[in-house]
Amino acid sequence: MSTVGIVMGSTSDWDVMKEAAKQLKDFGVEYEARALSAHRTPAELEAWIEDMEKRGCKAFIAGAGGAAHLAGVVAAKTLLPVLGVPIPSKYLKGLDSLLSIVQMPKGIPVATFAIGEAGAANAGIFAVHMLALADAKLKKRLQAFRDKQADAVRAAKLPEL
Ligand code: RP5
């Protein structure tokens, strides 16, 4: 069973989107990652979404750059939650991607994350938070993850002058 579907508009997005995959892997959440484009392969995208739903998918993480319609198109095709990741673009540095993903019309929401690696990682972690609502083991792992971060902040020393 692939619990989370990760989709990106191009294989060139993987460098960023792999951060979402890494988080899911670290938490032991099954995922399937595909490069499928809302513009270039719309039929395959729709077929994959349907197939993922049949195979028990609980949420989608969609990353795209530029005229980033992918997350919105995924949201239009499914009732599962969709988390959008803006991919940095060459000229507008991902601001185009962010605005494309975040400005969804009322009624078809996409939960939009930060541009780039931090956004991708947080989308993965957010998916874990959603799944942890119905999974006590996952909730424990999230608490341990939080504790580890807090310990790292407490142990960190400022450099000497
Ligand atoms: C978008 O165009 C993709 O999501 C990617 O971020 C961007 C560039 O794609 P490639 O030209 O690298 O395939 O659709």
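Right above here is the structure, for reference.
Quick look at the structure, then. Just so you know, these numbers come straight off a predicted model, no measurement behind them.

1. Considering the sheet that holds strand β3 (residues 59–65)
On the basis of which strands lie adjacent, the open sheet formed by five strands has the order β2-β1-β3-β4-β5 and parallel pairing. Every other strand in the sheet has two partners, leaving β2 (31–35) and β5 (111–112) as the edge strands with one partner each. Sheet topology note: the strand β1 (residues 4–8)/β2 ladder contains five bridges and is parallel. The partner of V7 across the bridge, within β2, is R34. Contacting β1, β3 and β4 (82–87), helix α3 (residues 70–77) runs over the sheet at an angle of about 150° to β3. Sheet contacts for helix α4 (residues 95–102): β3, β4 and β5; angle to β4, the most-contacted strand, approximately 160°.

2. Comments concerning a nonpolar patch on the surface
The grouping of Y91, L92, L95, L99, V102 and I115 at the surface amounts to a nonpolar patch, some 610 Å² of accessible area in total. Examined against the element boundaries, V102 turns out to sit in helix α4.

3. Topic: the site of the ligand
All residues adjacent to the ligand are G9, S10, S12, D13, R40, A64 and G65. When the ligand is considered free in solution it has 370 Å² of accessible area, and contact with the protein chains removes 63% of it. Here the shell around the ligand is composed, by residue class, of one nonpolar, four polar and two charged.

4. Some details on the pairing of β4
Strand residues, when the strand is regular, have side chains that alternate between the two faces of the sheet. Of all six residues that make up β4, six are buried, and the element is covered over most of its length. By the alternation rule, side chains of β4 split into V82, G84 and P86 and L83, V85 and I87, which are all buried. The pairing of β3 with β4 spans six bridges and is classified as parallel. Residue pairing for β4: G63 is matched across the bridge by V85. Each parallel crossover has a hand, and for β3 linked through α3 to β4 it is right-handed. Inspection of the sheet shows β4 paired to β5 by two bridges, in the parallel sense.

5. Some words on the environment of S2
Position of S2 among the secondary structure elements: in the segment before β1. A residue is classified by how much of its surface remains accessible, and S2, at 9% relative accessible area, is buried. On a C-alpha basis, the gap between S2 and Q103 in space is 28 Å, while along the polypeptide they are 101 residues apart. Look past the residues within four positions of S2 in its chain and what remains in contact with it is E30, Y31, E32, M52, R55, G56 and C57.

6. Things to note about the nonpolar core
Formed by 24 residues in total, the largest nonpolar core has its most connected members in V4, I6, M17, L24, V29 and I61. Going through the elements one at a time, β1, α1 (14–26), β4, α5 (117–132) and α6 (136–155) are the ones with two or more residues in this core. Per element, the largest residue contribution to this core is seven residues, and it comes from α5.

7. Some thoughts on unusual backbone geometry
Excluding glycine, residues mostly have negative phi values, and the peptide bonds linking residues are mostly trans. Here the phi dihedral of K93 falls at roughly 60°; this positive angle occurs in a residue that is not glycine. Position of K93 relative to the elements: it lies in the loop between β4 and α4. Residue class for K93 comes out exposed when judged on its relative accessible area of 58%.

About the thresholds
- Each residue is numbered by its place in its chain's sequence as written, counting from 1.
- Local features in a predicted model are, by the rule used here, given only for residues with pLDDT of at least 70; side-chain atom pairs are given and counted only at 80 or more, and totals for whole chains, interfaces and linings are based on all residues.
- Here the side-chain values reflect all heavy atoms present in the structure, with hydrogen atoms and water set aside.
- The pairing criterion is simple: DSSP has to find at least two bridges between the two strands.
- Here a strand is any run of E in DSSP of at least two residues, a helix any run of H or I of at least four, and the numbering for each starts at the N terminus.
- Only heavy atoms matter for contacts: two residues are in contact if any of them lie within 4.5 Å across the pair.
- Axes here refer to lines fitted to C-alpha atoms; in helices the fit is confined to the stretch in contact. Angles between the N-to-C directions go from 0 to 180 degrees.
- Each patch is built from residues that are more than 30% exposed by relative accessible area and take part in no salt bridge. Like charges join if they lie within 9 Å; nonpolar side chains (Val, Leu, Ile, Met, Phe, Trp, Tyr) join within 5 Å.
- Surface accessibility follows the Shrake-Rupley procedure with a 1.4 Å probe radius. Residue values consider only the protein chains on display as shielding.
- When a carboxyl oxygen of Asp or Glu is within 4 Å of a side-chain nitrogen of Lys or Arg, the pair counts as a salt bridge.
- If even one non-hydrogen atom of a residue comes within 4 Å of a molecule or strand, that residue is called near it.
- Under the convention adopted here, Pro, Cys and the residues Ala, Val, Leu, Ile, Met, Phe, Trp and Tyr are nonpolar, Asp, Glu, Lys and Arg are charged, and Gly plus all remaining residues are polar.
- Note on exposure labels: buried denotes an accessible area under 20% of the residue type's maximum, exposed denotes more than 50%, and partly exposed covers the range between, all computed with a 1.4 Å probe on protein chains only.
- We call a crossover right-handed when, viewed with both strands directed away from the observer, the connection leading from the first strand over the helix to the second proceeds clockwise.
- The set of buried Ala, Val, Leu, Ile, Met, Phe, Trp, Tyr and Cys residues whose side-chain atoms join them within 4.5 Å is what this entry labels a nonpolar core.

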